[in-house]
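# Descriptive analysis of the structure
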Amino acid sequence: MTDDLLARHQAVLPKWMPLYYAEPIEIVSGSGSRVTDANGRTYLDFFGGVLTTMIGYDVPEVREAVERQLRTGVAHTSTLYLIRQQVELAEKIARLSGIEDARVFFTNSGTEANEAALLVATNLRRSNQILAVRNSYHGRSYAAMGITGHRSWSASSLNPLQVAWLHSGDRLRGLLAKLDEADHIEAAVEDLREVLATQTAGDVACLIAEPIQGVGGFVHAPDGLFAALKKVLDEYGILLISDEVQTGWGRTGEHFWGYQAHGVTPDLLTFAKGIGNGFALAGVVGRAEVMNAVQAISFSTFGGNPISTAAGNAVLDYVLDHNLQENAQRVGAILLEGLRAAAADHPIVADVRGKGLMLAIEFVRPGTLEPDAAVAGRVFELAREGGLLVGKGGLYGNVLRMGPPLTLSADEAREGLAILVDAIGRAGA
Ligand code: PMP
C-alpha cells in the first residue's frame, strides 16, 4: 500500500467489513484476467471480485457502451421514464431465462433481487413461510439474512420470515453426505416432505436454493435434485426460486443457468454479480402471472438505470458472441483436472469440486474430515505471494474458491494452476 489507506479504512469503515489478506491490497487497474495493485504488483485474478468481473477487465465494448451513455449528458434520472437499454436487456434475459412469458425486474444487488423474489412469492402465496437450505447465502437485508443458513454471514436475528431448513447438498459432511446420487435425491425429497409436515403450516410460499452454494464453498447436490423437489412443491403450489447470483450466464460451463443441470425450470430466478462486469446490476425473472402477483406499486430509483443496463447489454452480448459458456467448460476442465491430480498428492486436500469456472478446494487435517481453515489461509496467502488471487469460503472457512473471468485462457489456467499447486505443496509441508 502506498499510503496509510488501510489505517484510514479501519478508522472510518465498520469492523464487520472483511478485508482479504494479512496485508490487504488496493487494486488500481486491470486488463484481461489480470489486476495491478497500488505497489505495481500484477496478479492473475481467479476470483474476479466475487465472480463479478465476468468477461475480464477493461473490455472496450463495455467501456464504450457506458461512455456512450455518459456522453448523452444523462447518467441517470429515474426509472420512472422509459429506458431503452433496460427494455432491451430485459428482452434478452427473458428470452434466455427459459421461463415462459417472463417478466424481469432490475435491482442494484443480489440481495435486493432476492428481496424482490421473496416479495413476489409471499404476495402470491399470502404466506411468509419460506423453505431455505442450510449453509446458503442469499444477501444482507433482514429477509435475505433470514433465509441465509450460513450463520457467520447472517448478522441479524430479526427475521421477518418464518423459515424451515432443508439439508444442504454437502457431499463431505452432514446427513446426505456419502450417499450415492439416487439415494441422496431420495433422502432430500424425504427431508422436504418431513419438514413440510412437521415444521410448517403447509401454506409455504417458496423454496429458495442456489444450484451451487457460492459462499458455502461451491457445494452442490446431485444433478436432478431440483426436479425431484419441485414435484413435491407442485403438490402444494409452493414456488421454486433459483438463486443464480453466482451460477448464471454460462459460468458452470455445461449450462447457461445452474438450474438447468436439474432438468426443471424454476418459477423465479435471481441474478446479479457478473452481468454488470463491475457495474451494479441485478434482478429477478419470473412468469408474468407470478411476477404480477404484487398488487401495490414497487419501484427502484436505480434498478435498471441506463449506465448499468448499457453495461449489462454489452456484457451479455459479449458472453454470447464469444461462446464464453463453452470456454468456461473447456478451460474449467483443465483447472479441475490439474487440481484433482494435485489433490491426490496432498492429504490436506479433502475435495476438489465445482463446474465450469466455478471451482473449489476444501482443506482438512490429513486423514480426517476436520476442516482446516488455517491451512486454507496459508495456501491463500502463498498463492497471492506467487501472483494469484483466489477467494475463500465454506461453512468453516476452509475452502478456496475460484471464479475467474469466463474469458480465462487455457494458458492462464495452467499458469494459475502451477502457482496454486506450489502454494498447496508449501502450505502442507
Ligand atoms: N445470492 C448469492 C448466491 C450470493 O452469492 C450473493 C453475494 N455473495 C448474494 C445473493 C447477494 O448479492 P449482493 O452482494 O449483490 O447483494
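This structure is a prediction, so every number in the text was calculated from the model and none was measured. (Residues numbered from 1 in each chain as written. Predicted model: local features only at pLDDT ≥ 70, side-chain atom pairs only at ≥ 80, totals over all residues.)

## Section: the overall build of the protein chain
The condition is simple: The helix count covers DSSP runs of H or I at least four residues long, the strand count covers runs of E at least two residues long, and both are numbered beginning at the N terminus. Radius of gyration: over C-alpha atoms. The globule rule applied is 2.2 Å multiplied by the number of residues raised to the 0.38 power. With C-beta atoms placed from the backbone, a residue is buried if 20 or more other C-beta atoms are within 10 Å of its own, exposed if 12 or fewer are, and partly exposed between those counts. We call two residues in contact whenever the C-beta atoms placed from their backbones are within 7 Å.
If you tally the helices and strands in the protein chain, you get 13 helices and 15 strands. On C-alpha atoms alone, the protein chain measures out to a radius of gyration of 21 Å, which is about the 22 Å that the 2.2 N^0.38 rule sets for 429 residues. C-alpha extents for the protein chain along the principal axes are approximately 60 × 55 × 45 Å. The 429 residues of the protein chain split such that 53% are buried. Excluding contacts between residues fewer than 6 apart, the proportion of contacts in the protein chain whose partners are at least 24 apart in sequence is 75%.

## As for the domain arrangement of the protein chain
Short version of the rule: In this entry, domain limits derive from an automatic or database-based domain assignment. Under the scheme applied, nonpolar residues are Ala, Val, Leu, Ile, Met, Phe, Trp, Tyr, Cys and Pro; charged residues are Asp, Glu, Lys and Arg; polar residues are all the others, including Gly.
Taken domain by domain, the protein chain consists of domain 1 (5-59 + 323-428) and domain 2 (62-322). Once you take the C-alpha centre of each, domain 1 and domain 2 turn out to be 25 Å apart. Taken together, the contacts link 33 residues of domain 1 with 29 residues of domain 2. At the level of elements, helix H2 (48-51), helix H11 (324-345), strand S11 (349-355), strand S12 (358-363) and strand S15 (399-402) are the ones that each hand at least two residues to the side of domain 1 that touches domain 2. Among the residues making up the side of domain 1 that touches domain 2, the classes are represented as 17 nonpolar, 10 polar and 6 charged.

## Description of the confidence of the model for the protein chain
Our working definition: As a per-residue quantity, pLDDT reports the predictor's confidence and falls between 0 and 100.
With 100% of its residues at a pLDDT of 70 or more, the protein chain shows a mean pLDDT of 96. Across the assembled chains, the prediction reports ipTM 0.99 with pTM 0.97.

## Some points on the environment of Asn135
Its place among the elements puts Asn135 in the loop between strand S5 (129-133) and helix H6 (142-146). Here Asn135 is in contact with Gly149, His150, Ser168, Asp170, Gln213, Gly216, Val219 and Leu395, once residues within four sequence places are set aside.

## Observations concerning the site of the ligand
Stated formally: Placing the C-beta atom from the backbone, one calls a residue near a molecule or strand if that atom lies within 6 Å of it.
In the vicinity of the ligand lie 16 residues, with Ser109, Gly110, Thr111, Gly139 and Val245 positioned nearest. For the shell around the ligand, the class distribution of residues is 6 nonpolar, 8 polar and 2 charged.

## A closer look at the nonpolar core
For clarity, the cut-off: Think of a nonpolar core as buried Ala, Val, Leu, Ile, Met, Phe, Trp, Tyr and Cys residues, each tied to the set through C-beta atoms within 7 Å.
Ranked by size, the top nonpolar core spans 124 residues in total, and within it Ala121, Cys206, Leu207, Leu268, Ala311, Val315 and Val379 carry the most contacts. Looking at which domains feed residues into this core, each of domain 1 (5-59 + 323-428) and domain 2 (62-322) supplies at least three. When near neighbours in sequence (up to four residues on either side) are disregarded, Val379 contacts Phe363, Leu400, Ala423, Ile424 and Ala427.

## Description of the packing of helix H4 (residues 84-97) against helix H10 (residues 306-321)
Rules: Fitting a line to C-alpha atoms yields each axis, with helices limited to the stretch in contact; the angle taken between N-to-C directions then spans 0 to 180 degrees. Here roughly perpendicular refers to angles of 65 to 115 degrees, roughly parallel to angles under 35, roughly antiparallel to angles over 145, and oblique to all remaining angles. In this scheme the handedness of a crossing depends on how the near helix is turned from the far one: anticlockwise by less than a right angle means left-handed, clockwise means right-handed.
As a packed pair, H4 and H10 sit with axes 8 Å apart at the nearest point and diverge in direction by 40 degrees. For the element pair H4 / H10, the angle class is oblique. By crossing handedness, the relation of H4 to H10 is classed as left-handed. When H4 is examined against H10, the residues Gln85, Gln86, Glu88, Leu89 and Lys92 are found in contact with a partner set consisting of Pro306, Thr309, Ala310, Gly312, Asn313 and Leu316. Taken together, the residues of the contact of H4 with H10 sort by class into 4 nonpolar, 5 polar and 2 charged.

## Regarding H10
Rule in force here: Given the number of residues in a helix, its expected span is that number minus one, multiplied by 1.5 Å.
Over its 16 residues, H10 extends 22 Å from the first C-alpha to the last, a length consistent with the 22 Å expected when each residue adds 1.5 Å. For H10, the tally of buried residues reaches 13 of 16 residues, placing the bulk of the element in the interior. Of the residues one or two after H10, Asn323 is the one with positive phi, at around 50 degrees.

## Overview of the sheet that holds strand S1 (residues 27-31)
Where we set the bar: Strands are labelled as partners when DSSP assigns at least two bridges between them.
The strand order across the open sheet formed by 4 strands is S1-S2-S3-S13, and the pairing between neighbours is mixed. Where the open sheet ends on each side, the last strands, each with one partner, are S1 and strand S13 (388-389).

## Here's the deal with helix H12 (residues 373-386)
In this model H12 runs 20 Å from its N-terminal to its C-terminal C-alpha over 14 residues, within 8% of the 20 Å that 1.5 Å per residue would give. Those residues of H12 that sit buried are Val375, Ala376, Val379, Phe380, Ala383 and Arg384. Buried residues in H12 make contact with S12, S13, strand S14 (391-393), S15 and helix H13 (410-428). Where H12 ends, the next residue or the one after it, Gly387, has phi of about 100 degrees, a positive value.

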